Amino acid sequence: MAIELRHLKYVVAASKYGSFRRAALSLGVEQSAISRRIRDLEDGLGVSLFNRHSSGVVLTHAGEQFVRHAVQALNEVSYAAADLGPIGRGEKGAVRIGIFSSLASGFLAQLLRTYSDRFGNVRIDIIEGAPSDHIVAVRRHKLDVAFVTGSPSLADCDAVEFWTEGVFVVLPDGHALADRKSIQWNDLRKETFILSEGDPGPEIHNFLIKNLADLGVHPTIERHRVGRDNLMQIVSFGRGITLTSESTVATQFPGVVYRRLEGETLPFCAVWSPNNDNPAWRRMLSLARLTACQNGIFDSKKLKKSSTRRMSAHSSSLAAPSASSRSRDPSP
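Thresholds, definitions, all that
- Residues numbered from 1 in each chain as written.
- Predicted model: local features only at pLDDT ≥ 70, side-chain atom pairs only at ≥ 80, totals over all residues.
- Heavy atoms only, no water.
- Phe/Tyr/Trp six-rings, centres within 6.5 Å; stacked < 30°, edge-to-face > 60°.
- Helix = DSSP H or I, 4+ residues; strand = E, 2+ residues; numbered from the N terminus.
- Buried < 20%, exposed > 50% of the residue type's maximum accessible area, 1.4 Å probe, protein only.
- Axes fitted to C-alpha atoms, helices over the stretch in contact; angles between N-to-C directions.
- Parallel < 35°, antiparallel > 145°, perpendicular 65-115°, else oblique.
- Left-handed = near helix turned anticlockwise from the far one by under 90°.
- Contact = heavy atoms within 4.5 Å.
- Nonpolar A, V, L, I, M, F, W, Y, C, P; charged D, E, K, R; others polar.
- pLDDT = per-residue confidence, 0-100.
- Core = buried A, V, L, I, M, F, W, Y, C linked by side-chain atoms within 4.5 Å.
- Polar contact = N/O pair within 3.5 Å; in protein donor to acceptor, adjacent residues only side chain to side chain.

### A word on the packing of aromatic side chains
- Counted under the stated rule, the structure contains 8 aromatic pairs.
- Taken together, the ring pairs connect F107, F147, F162, W163 and F268 into an aromatic cluster.

So, in C-alpha cells, the structure goes:
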C-alpha cells in the first residue's frame, strides 16, 4: 500500500500519547481521522499496530518496530526540509560559472569576492574554457552562467553586458613603444604579433586582421602552442608583441610591460538560461546587477552605451586563455 506521511505522524503521535484522542489534539485533527487512517494502515500492512482498550492504546510488537522506522523516516524528511530552506533562499547550494577572463582584478573578481563574503555556504565552481563551449553548457544547464566577451545575441538565452575592459598591448620592456603611456593602431604597423594556438589566439588574430587591414597592413603573426604564462615569456625575449584584456594586466611578468590601446574597449556579458531556477545563481545575478549599478554601468536595467568604439562580438575575445589551451603548453 502507499504509506503517506500523515500515516506515520498519526502512528507516532498515538504511540507517544497512548491515546487517539490526545494524539488528535496534539496534531489539530479529528480523533476519527486518526482512528480511521491508522485502521486503514493496519489493514494494508496486514498487522495490528496497537492494542486498543478503554483507557487508550498500546503498541503491539509489530507496532514498536514500525514506530522505530517511522520516527527515522519523519526525521529524514524533516532534515531534508531544513536543508531545502537555505537552498531555496540561495543561502546554500552551488553556482557553476564558466569564465574566459582573468580573475586577477576587475568586475568579476569584485563580484565573486562580495558574493563569497555574503554567501559563504554556497560553493562556487569555476570552469575555464572557450565561450562557445560555455554557452552550450549553459543551454544544457551544466553551467549556471557563462561570462563571455562580446555581445552575443542568443534566442534561447538571456545575455546582459555587465562591464567593459580596455585592450592592452603587451611589449618587452626594452621595446621602442614601452616609453609611451598609450599606443595607437598606426604604431603597430610593422610589429610582429605572437599568439597562442588555443583560445583566445584565433579571436585576437581576427581582431588584428580587421583593424590593421583598415590601415592597409597585413600583420606578421606567429602562433605558438603555449598558454598565457609562456606567451608572456616569449614576449619578454623580444620575439614579438601580443594583446590582452585589462583584467589580466594585474598579473605582472618579468621583462614585460602593458600599454593601453587607444580607442578599444572589450564588452563582457553574462549568459544564462531563462529556465535556470537555481536560487543561488539568482542571488548572484541580483548582486551582479547591483554591482553594475554602483559602478555606473547599469541604469534602470538599460546598459549605458559607451562612446568609445568597441570590438565586435566576432573578434573580441582577448581574455586569458582557457584551461584547455594551457593544457597544451609543452613547457615544464
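Read on, since the account is not over.
### Examining the environment of E264
- Considering the arrangement of structural elements, one finds E264 in strand β11 (residues 256-272).
- Taking the relative accessible area as the measure of exposure, E264 reaches 2% and is therefore buried.
- Each C-alpha atom of the pair E264 and E165 lies 8.7 Å from the other, and the pair is 99 residues apart in sequence.

### With respect to the packing of helix α1 (residues 5-17) against helix α2 (residues 20-27)
- It is the contact of α1 with α2, at a shortest axis distance of 8 Å, that shows an interaxial angle of 120°. Between α1 and α2, the angle falls in the class oblique. Regarding α1 and α2, the two cross each other, and that crossing is right-handed. On α2, the residues touching K9, Y10, A13, A14 and Y17 of α1 are F20, R22, A23, S26 and L27.
- Counted by class, the contact of α1 with α2 contains 7 nonpolar, 1 polar and 2 charged residues.

### Thoughts on the confidence of the model for the protein chain
- On average, residues of the protein chain score 83 in pLDDT, and 84% of them reach the 70 mark or higher.
- In this model residues 299-317 is a low-confidence stretch, pLDDT under 50, and it forms 46 contacts with partners more than four residues away in sequence or in other chains.
- Predicted confidence is poor over residues 320-332, with pLDDT under 50, and the contacts of this stretch with residues over four places away or in other chains come to 34 contacts.

### Focus: the nonpolar core
- Ranked by size, the top nonpolar core spans 46 residues in total, and within it F162 and L188 carry the most contacts.
- Of all the secondary structure elements, the ones that give two or more residues to this core are β3 (93-99), α5 (107-118), β5 (145-149), β6 (158-172), β8 (192-196), α7 (201-213), β11 and α9 (279-294).
- No other element matches α9, which puts 7 residues into this core.
- Of all hydrophobic cores here, the second largest spans 20 residues; its members include A13, A24, L49 and L74.

### A few points about unusual backbone geometry
- Backbone geometry places H141, a non-glycine residue, at a positive phi of 60°.
- Look at H141 and you get partly exposed, because its relative accessible area is 32%.

### Observations concerning the environment of L25
- In this structure, L25 sits in helix α2.
- Residue class for L25 comes out exposed when judged on its relative accessible area of 63%.
- Counting along the chain gives 12 residues from L25 to A13, while the straight-line C-alpha distance between them is 9.9 Å.

### Some remarks on the environment of D156
- Within the secondary structure, D156 sits in the loop between β5 and β6.
- When its relative accessible area of 40% is taken as the criterion, D156 is described as partly exposed.
- Once the C-alpha coordinates of D156 and W272 are considered, the two residues, 116 residues apart in sequence, prove to be 9.1 Å apart.
- Aside from chain neighbours lying at most four places away, what touches D156 is R139 and P274.
- Of note is the side chain of D156, whose polar atom sits 2.7 Å from the side chain of R139.

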